Amino acid sequence: MFREERGLLLASLARRFGDLDLAEEVTSEAIEAALRHWPAEGVPARPGAWLLTTARRKAVDRLRRDRAYAARLAVLQADAERDEALAPAADAGAGELPDERLQLFFTCTHPALAAEDRTALTLRCLAGLTTPEVARAFLVPTATMAQRIVRAKKKIREARIPFRVPGPDELPERLPGVLQVVYSVFTEGYAASSGPRLQRLDLAEEAVRLARILHRLLPAERETAGLLALLLLVHARRDARTGPEGEPVLLEEQDRGRWDRVMIEEGRDLVVRALTGGPAGPYGVQAAIAALHDEAADVESTDWAQIVALYDVLLALTPSPVVAVNRAVAVAMRDGPGAGLALLDALAGEPRLRAYPPYAVARGDLLTRLGREGEAAVAYREALEAAGSEPERAALRRKLGE
């Protein structure tokens, strides 16, 4: 319950007092108080309201002790109220103002903040990760990550970034940044960049939770439906993606009976919503690709022609070497390994792929299928040098051994 309520508490307190540091501190103090009182007195009927009331009292007590601090926050509060009057929060679709968490989403991902700071702050405040956990996700020292988070909070405070949902004219520009941050959280959970496990299920599930909140608060935005659909359709395979020792299991070798069919059905329904009523967005297209994989009985019966066509659309929407790599693999499944390898070799000069292990792994796999084992070994060694998590490295060592 603390995990669920923490985001609500932070959002409400940050909106009221205009200061993330204060909100975090009194939220922690309120949870500490609950851990002391609830075992003896029982859990209150409305535990979230109990925590919020306790946190507010602690914040007020602190402000009374520090008049200069209180005066500065009063200015921030006046700014926020003025901005809210000028640009009312977007309607949630049910005649009510959206959850205050949405205001915190857009504050943490404000374009005035550096891109890396936005993601770090969102992981810290909305995903509820500790600073060392965020640091591990970004492969940086804890002290470096702490500085980034402090820098982002300071920027919000000094630039007087308001805790509000952008108006309708600002939303199209700001929403993609919010969605990208949530997608980045999921990507790290799907394939950890380092550590002893291939997947960080806690992180992936937090991303799904955040995507659900966004979709619930912005139901009319088709790309929020697309992002949630994508995350559900990919996360549905989580139990089949690793073997007994935590080793990676490739898509063609996965036991599809272990896929979460309830999650897949929910994702498929959301794909229809994401692709209906206008041009498709990148998350909706990626979700449609994931749905085709999830619907197929096996790799051989997968509609690879349709997947290639969807990658063509995605490449036009978001030109990216990573998308091009995925398209090349799909072409190899449709037209044979030689066709896919030619496309991958055409990307050899792309600097962003030098530290991207899936590129070298894909080349190694296609070279192996073509019987060019010496070249495949070179590709696998390149992938091994760039691989982060130990399960990935172990799998590549096995490929080299073979």
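Summarised in this report is the structure supplied together with it. Bear in mind the structure is a predicted one, so any value in this text is a computation, not a measurement.

**Re the overall build of the chain**
Part 1 of the argument: Each helix and strand in the chain was counted, giving 19 helices and zero strands.
Part 2 of the argument: By principal-axis analysis of the C-alpha atoms, the chain measures approximately 75 × 45 × 45 Å.
Part 3 of the argument: Within the chain, the proportion of its 402 residues that are buried is 49%.
Part 4 of the argument: Expressed as a percentage of contacts within the chain between residues at least 6 apart in sequence, the contacts between residues at least 24 apart total 64%.
Part 5 of the argument: Carbon and sulfur atoms form 53% of the exposed surface of the chain, whose accessible area is close to 19000 Å².
Part 6 of the argument: For the chain, the centre of its 54 positive side-chain charges and the centre of its 59 negative side-chain charges are spaced 5 Å apart.

**Some points on the pattern of salt bridges**
Note on pairing: side chains with opposite charge can pair once their charged atoms come close.
Part 1 of the argument: Evaluated as defined, the whole model comprises 21 salt bridges.
Part 2 of the argument: Salt-bridge contacts for R363 lead to D345; the nearest nitrogen and oxygen are separated by 2.9 Å. Of the two residues, R363 is situated in helix α17 (residues 357–369) and D345 in helix α16 (residues 337–345); the sequence distance between them amounts to 18 residues.
Part 3 of the argument: You can call R363 buried: its relative accessible area is 18%.
Part 4 of the argument: D365 is the partner of K399 in a salt bridge, and the nearest nitrogen-oxygen pair spans 3.2 Å. Of the two residues, K399 is situated in helix α19 (residues 390–401) and D365 in helix α17; the sequence distance between them amounts to 34 residues.
Part 5 of the argument: Judged by its relative accessible area of 24%, D365 is partly exposed.
Part 6 of the argument: A single salt-bridge network, built from bridges that share partners, covers D21, E24, R124 and K153.

Definitions and limits used
- Residues numbered from 1 in each chain as written.
- Predicted model: local features only at pLDDT ≥ 70, side-chain atom pairs only at ≥ 80, totals over all residues.
- Heavy atoms only, no water.
- Helix = DSSP H or I, 4+ residues; strand = E, 2+ residues; numbered from the N terminus.
- Buried < 20%, exposed > 50% of the residue type's maximum accessible area, 1.4 Å probe, protein only.
- Contact = heavy atoms within 4.5 Å.
- Areas by Shrake-Rupley, 256 points an atom, 1.4 Å probe, with all protein chains shown as cover.
- Lys, Arg positive; Asp, Glu negative; His and termini not counted.
- Charge placed at Lys NZ, Arg CZ, Asp CG, Glu CD.
- Salt bridge = Lys/Arg side-chain N within 4 Å of Asp/Glu carboxyl O.

All quantities given are derived from atomic positions and should not be read as evidence of function.
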